[in-house]
Amino acid sequence: GDNCGDYEIGGYCTAAGDYGSGWNKSWGTFAIFANQGHTAITACCNCGGGIDASDQCKDKADWKDKDGDACATYSNSAWCDITGGYGVGWHEEWGKFADAANKGMSAVEACCACGGGDYSTVARPAGDGSQARSRSTLLGCECKKDWLDEITGMPCHDYCCSPDDD
């Protein structure tokens, strides 16, 4: 079964929710592949569905790292990713995010683009990591809950929202 990333890479759909150039008409309609009332068009952000989690997060007000860089710099420079990991723009010689912390907070806690920030409607993880925040793609698009692939029976949270496969 194809996941949201496959639909994007294959060009099966468009962000407007239409059939993409990679969709073969002989496959039929998206509805043929529906499961629990969802198709890729309603479940996948890249196909016009899903929930945009970025609308639900606010960066910590007035936070800047020890060098004066704000959350926008971390996001625009790809210094971090939504999972709290290092982005392609981060230079190893800069050290760890904690090395640039300011006021006891690093970008991982302060910036939505780095997996932190303040969420108004999305559950935040407990400090011990025992409660997981809603899963989202690296672009900040939250997956529909409990969407199952019709062919494999695998739920969305098992594979379609993984950092490498969305």
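Data block above holds the structure.
Report on the accompanying structure. The model shown is predicted, which means the values in this text are computed figures rather than measured ones.

Quick notes on the rules
Chains are numbered independently. Their residues run from 1 in the order of the written sequence. Thresholds applied to this predicted model are a pLDDT of at least 70 for local features of residues and 80 or more for the giving and counting of side-chain atom pairs; totals over whole chains, interfaces and linings are not thresholded and use all residues. Water and hydrogen atoms were dropped before computing side-chain values, which therefore reflect all heavy atoms in the structure. Counting from the N terminus, the helices are the DSSP runs of H or I reaching at least four residues and the strands are the DSSP runs of E reaching at least two. Here a polar contact is recorded for every N or O atom pair within 3.5 Å, except that within protein the pair must consist of a potential hydrogen donor and a potential acceptor, and residues adjacent in sequence are included only if both atoms are side-chain atoms. Residue contacts follow a heavy-atom distance rule, with two residues in contact if any of their heavy atoms lie within 4.5 Å. Each patch groups residues whose relative accessible area exceeds 30% and which form no salt bridge, using 9 Å between like charges and 5 Å between nonpolar side chains of Val, Leu, Ile, Met, Phe, Trp and Tyr. Exposure was quantified through the Shrake-Rupley algorithm and a 1.4 Å probe, taking into account, for residues, occlusion by the shown protein chains and nothing else. Just to be clear on terms, a salt bridge is a Lys or Arg side-chain nitrogen sitting within 4 Å of an Asp or Glu carboxyl oxygen. The buried label goes to any residue with under 20% of its type's maximum accessible area, the exposed label to any with over 50%, and the partly exposed label to all in between, with areas taken from a 1.4 Å probe on protein chains only. Any two cysteine sulfur atoms lying within 2.5 Å of each other are counted as a disulfide.

1. Some words on the side chain of Asp 65
By the element assignment, Asp 65 lies in the loop between strand S2 (57–58) and helix H3 (71–76). Of the polar contacts made by the side chain of Asp 65, one reaches the backbone nitrogen of Asp 67; its length is 2.9 Å. Within polar-contact distance, the side chain of Asp 65 engages the backbone nitrogen of Asp 69 at 2.8 Å. Once you skip the residues sitting within four places of it in the chain, Asp 65 turns out to touch Tyr 74, Ala 100 and Asn 102.

2. Here we look at a nonpolar patch on the surface
A cluster of nonpolar residues, Trp 27, Ile 32 and Phe 33, forms a patch on the protein surface that exposes about 260 Å² of accessible area. Within the secondary structure layout, Phe 33 lies in the loop between helix H1 (4–9) and helix H2 (40–43). The class for Phe 33 is partly exposed, based on a relative accessible area of 30%.

3. A few points about the pattern of salt bridges
Within the structure shown, the criterion is met by one salt bridge. Its salt-bridge partner being Lys 60, residue Asp 118 comes within 2.9 Å of it at the nearest N-O pair. Taken as a pair, Asp 118 in strand S3 (residues 118–119) and Lys 60 in the loop between S2 and H3 lie far apart in primary sequence, 58 residues in all. Residue Asp 118 is classed as partly exposed on the basis of its relative accessible area of 37%.

4. Let's talk about the state of the cysteines
A complete count under the given rule lists three disulfides for this structure. Through a disulfide, Cys 13 is tied to Cys 47; the S-S separation comes to 1.8 Å. Taking the torsion about the sulfur-sulfur bond, which here is approximately -60 degrees, the covalent link between Cys 13 and Cys 47 counts as left-handed. Taken as a pair, Cys 13 in the loop between H1 and H2 and Cys 47 in the loop between H2 and strand S1 (51–52) lie far apart in primary sequence, 34 residues in all. Assigned by exposure class, Cys 13 and Cys 47 land together as buried. Here Cys 71 pairs with Cys 111 through a disulfide, and the sulfurs are 2.1 Å apart. Sign of the S-S torsion, about -80 degrees for the bond between Cys 71 and Cys 111, identifies this disulfide as left-handed. A residue pair is termed long-range when its members are at least 10 positions apart, and Cys 71 in helix H3 and Cys 111 in the loop between helix H4 (107–110) and S3 qualify at 40 residues. Of the two residues examined, Cys 71 and Cys 111, each falls in the buried class.

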